[in-house]
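# Topology and contacts: notes
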Amino acid sequence: MKFHNLYIHTNGSSEIYQKITDLLAVMPQEEGEFDIWTYQIVTHEEDDYFDFINAFLDLLEPNFEKLENLNIGKEDITIWLFYEYDQQCSMSFNSQEMKRLGESGIAFNVDCIQKKN
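Conventions used here
- Residues numbered from 1 in each chain as written.
- Predicted model: local features only at pLDDT ≥ 70, side-chain atom pairs only at ≥ 80, totals over all residues.
- Heavy atoms only, no water.
- Helix = DSSP H or I, 4+ residues; strand = E, 2+ residues; numbered from the N terminus.
- Buried < 20%, exposed > 50% of the residue type's maximum accessible area, 1.4 Å probe, protein only.
- Core = buried A, V, L, I, M, F, W, Y, C linked by side-chain atoms within 4.5 Å.
- Contact = heavy atoms within 4.5 Å.

All right, on to unusual backbone geometry then. A positive phi angle is found at Ala-25, which is not glycine, with a value near 60°. Residue position: Ala-25 is located in the loop between α1 (14-24) and β2 (36-43). A positive phi is found at Asn-71, a non-glycine position, where the angle reads about 65°. Among the structural elements, Asn-71 can be located in the loop between α3 (64-69) and β3 (77-85). On the basis of relative accessibility, which here comes to 71%, the residue Asn-71 falls in the exposed class.

Listed below in structure tokens is the structure:
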């Protein structure tokens, strides 16, 4: 399984958390706390490729200024892939999405986690 996450660090305010939800128009993963707004898409090996970097940037880029108005800077945003694997952890990303990600100033993290049998 792959867990594609968009994290936005907030000031812990439920009001800011809700404003992010309204602004991005997607439902975050409910965690009970308001420190990190998390939007997650889970995919399985048999699923078609999910272009998560471009999908998340499509949500963010038109809203950078509005997020700044909420005191949320690009340094408060992370795209994070958790990849659960059996035999080998191997992945690739195309140059265009890496270029777009780099130009956005958004952090990108990858964690490979061996699946427990």
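After that view of the structure, there is still more to cover.
Attention shifts here to the environment of Ala-25. Overall, the relative accessible area of 63% leaves Ala-25 in the exposed class. Through-space distance from the C-alpha of Ala-25 to that of Leu-59 is 8.5 Å; in sequence the pair is 34 residues apart.

Moving on: the nonpolar core. If you look at the biggest cluster of nonpolar residues, it comprises 24 residues, and the most contacted ones within it are Leu-6, Ile-8, Ile-20, Trp-37, Ile-72, Ile-77 and Ile-79. Among the secondary structure elements, those contributing two or more residues to this core are β1 (2-9), α1, β2, α2 (52-60), α3 and β3. Per-element accounting of this core gives the leading share, six residues, to α2. When neighbours within four sequence positions are excluded, Ile-79 is seen to be in contact with Asn-5, Leu-6, Phe-52, Ile-53, Phe-56, Leu-57, Leu-101, Ile-106, Ala-107, Phe-108 and Asn-109.

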